[in-house]
Amino acid sequence: MIEPIKWKDGKIVFIDQTELPAKLKYVACKDVDILCEAIKKLRIRGAPLIGVAVALGYALAAVNSKQNSWAGLKKDLAKASQKLRVTRPTAVNLFWALDRMERALLRFVSVKNCTLTKCKRFVLKEALKILEEDKNMCIAIGKNGAKLIKNGDVILTHCNAGILATAGQGTALSIIYEAKKQGKRFKVYADETRPLMQGSRLTMWELMRNNIDATLICDNMAASVIKNKGVTKIIVGSDRIAANGDAANKIGTYGLAVLARHHGIPFYVAAPSSTIDKFIKTGEDIPIEERKAEEIIYAGSRQIAPIRAKVYNPAFDVTPHSLISGIITEKGIYEIKRFRGI
Ligand code: MRU
């Protein structure tokens, strides 16, 4: 299986996802500013992968620090953390991972009589632990969700909640990979996911590499495909789930949940528990990223709308919990009435 991110010889090596599907390009990064740019530009994207990336970024800052005192190292790490925290606002995994790194380091320093070298080694070890845990969570989500898949299912998915969005085999797509391993027969439809085409560029690329029977559709075909092609389930990922089960995901997800309700089919959200934000009561409070007008005005380098067109470009929407049939995590499948932030 490809690895969208790894730590190698003191560097973060990641796949530049903006180059896919034309080129599978790996970038070796030894600088937090370059990592921040990669996250902002979606070279690295997908909530769990962003969490892993910032944890490794924090470790990179520790390893690179030239300070010779604990106070100095702390200052360098706080600076790196601040830069990483403002890269993208919606995926809570980013804040979850940095909070965990900071808390773990403070605990380590307070109980161990440690040298700076030991601290740096510890920070890297913790980041690699987050990466390994993410891989295991993906498998557990896949196994839990695969119980819902039946022979003959027709599954619709949106954006990319797959291998490329995590350090492992994905969340929503992990369910598909596990069901396939179990010998189940089913079809997948993938929305192209305007404006940045994570569905056509990334989901189709990875589903085809893994021999999944997948068909690409434009976003505006979803209603008619659900009705005419017998879609039986919709499964998506999430960037942040509020304590009441409202879930933010790529723009267009909410519309699919409404369609699922209209057609009487289940709508599932698959995500690791690090995507659950217990401090946010409802989806109303989830910060929704708005991105630049250029992403809508241009398709790649081709202009497709008037340059000065007034544009609204929210990257995510929130699906109310009342439209979600279940939340699939590494711990199990939660019906909304029993969810309560787990
Ligand atoms: O803007 P992106 O590509 O980072 O958005 C990604 C999504 O919306 C995914 O569906 C979500 O992060 C879940 S990934 C397992």
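Given the structure is predicted, the values throughout are model-derived calculations rather than measurements.

### Some remarks on helix 3 (residues 70–85)
Over its 16 residues, helix 3 runs 22 Å from end to end, which matches the ideal 22 Å to within 8%, given 1.5 Å per residue. Taken as a whole, helix 3 has its buried residues at Gly72, Leu73, Leu77, Ala80, Ser81, Leu84 and Arg85. Of the surrounding secondary structure, the elements contacted by the buried residues of helix 3 are helix 1 (32–40), helix 2 (47–64), helix 4 (92–111) and helix 5 (116–146).

### Some details on empty space enclosed by the protein
The full count for this structure, using the stated rule, is three cavities of 30 Å³ or more. Space inside the largest cavity adds up to approximately 190 Å³. The wall of the largest cavity is formed by 25 residues, among which Arg45, Gly46, Ala47, Asn160 and Asp239 lie closest to the centre. The set of elements that each furnish at least two residues to the lining of the largest cavity consists of helix 2 and strand 9 (247–250). Take the lining of the largest cavity: its biggest share by element is three residues, from helix 2. For the lining of the largest cavity, the class distribution of residues is 11 nonpolar, 10 polar and four charged. When residues of the lining of the largest cavity are assigned to domains, at least three map to each of domain 1 (5–139) and domain 2 (143–338). Counted as a void, the second largest cavity has a volume near 60 Å³.

### Considering the site of the ligand
Around the ligand, 18 residues are found, and the nearest of them are Arg45, Ala47, Arg88, Asn249 and Lys250. With respect to the ligand, the side chain of Asp239 contributes an N or O atom lying 2.9 Å from an oxygen atom. Here Asn249 contributes a side-chain N or O atom positioned 2.6 Å from an oxygen atom of the ligand. In isolation the ligand exposes 410 Å². Once the protein is present, 100% of that is buried. When atoms are counted within 2 Å of each cavity's grid points, the one that captures over half of the ligand is the largest cavity. Considering only residue class, the shell around the ligand consists of seven nonpolar, seven polar and four charged. For the shell around the ligand, the domains that each give at least three residues are domain 1 (5–139) and domain 2 (143–338).

### A closer look at the domain arrangement of the protein
When cut into domains, the protein gives domain 1 (5–139) and domain 2 (143–338). If you look at the interface, domain 1 gives 29 residues, while domain 2 gives 37 residues. Of the roughly 2,600 Å² buried between domain 1 and domain 2, counting both surfaces, carbon and sulfur atoms make up 58%. Viewed at the interface, domain 2 and domain 1 are joined by one salt bridge.

### What to know about the sheet that holds strand 5 (residues 186–191)
Ordered by their spatial adjacency, seven strands build an open sheet running 6-5-4-7-10-15-16, and the pairing between neighbours is mixed. Of all strands in the sheet, those with a lone pairing partner are strand 6 (214–217) and strand 16 (332–334), marking the two edges. The mean inter-strand angle of the sheet, taken between neighbouring strand axes irrespective of direction, is 25°. The pairing of strand 10 (residues 267–270) with strand 15 (residues 326–329) spans three bridges and is classified as parallel. Within strand 15, the position partnered with Val269 by the bridge is Ile327. Taken strand by strand, helix 7 (residues 198–209) contacts strand 4 (153–157), strand 5 and strand 6, and its axis lies near 170° from that of strand 6. Docked against the sheet, helix 9 (residues 253–263) engages strand 4, strand 5, strand 7 (233–236) and strand 10, running at close to 145° with respect to strand 10.

Definitions and limits used
- Residues numbered from 1 in each chain as written.
- Predicted model: local features only at pLDDT ≥ 70, side-chain atom pairs only at ≥ 80, totals over all residues.
- Heavy atoms only, no water.
- Helix = DSSP H or I, 4+ residues; strand = E, 2+ residues; numbered from the N terminus.
- Expected span 1.5 Å × (residues − 1).
- Buried < 20%, exposed > 50% of the residue type's maximum accessible area, 1.4 Å probe, protein only.
- Contact = heavy atoms within 4.5 Å.
- 1 Å grid on protein atoms, 1.4 Å probe; cavity = no way out; pocket = protein on both sides within 12 Å on 5 of 7 lines; lining within 4 Å.
- Points joined across faces, edges and corners; volume = space filled by probe spheres on them.
- Nonpolar A, V, L, I, M, F, W, Y, C, P; charged D, E, K, R; others polar.
- Domains from an automatic or database assignment.
- Near = heavy atom within 4 Å.
- Polar contact = N/O pair within 3.5 Å; in protein donor to acceptor, adjacent residues only side chain to side chain.
- Areas by Shrake-Rupley, 256 points an atom, 1.4 Å probe, with all protein chains shown as cover.
- Sits in = over half its atoms within 2 Å of the grid points.
- Buried area = accessible area lost by both parts, 1.4 Å probe.
- Salt bridge = Lys/Arg side-chain N within 4 Å of Asp/Glu carboxyl O.
- Pairing = 2+ DSSP bridges.
- Axes fitted to C-alpha atoms, helices over the stretch in contact; angles between N-to-C directions.

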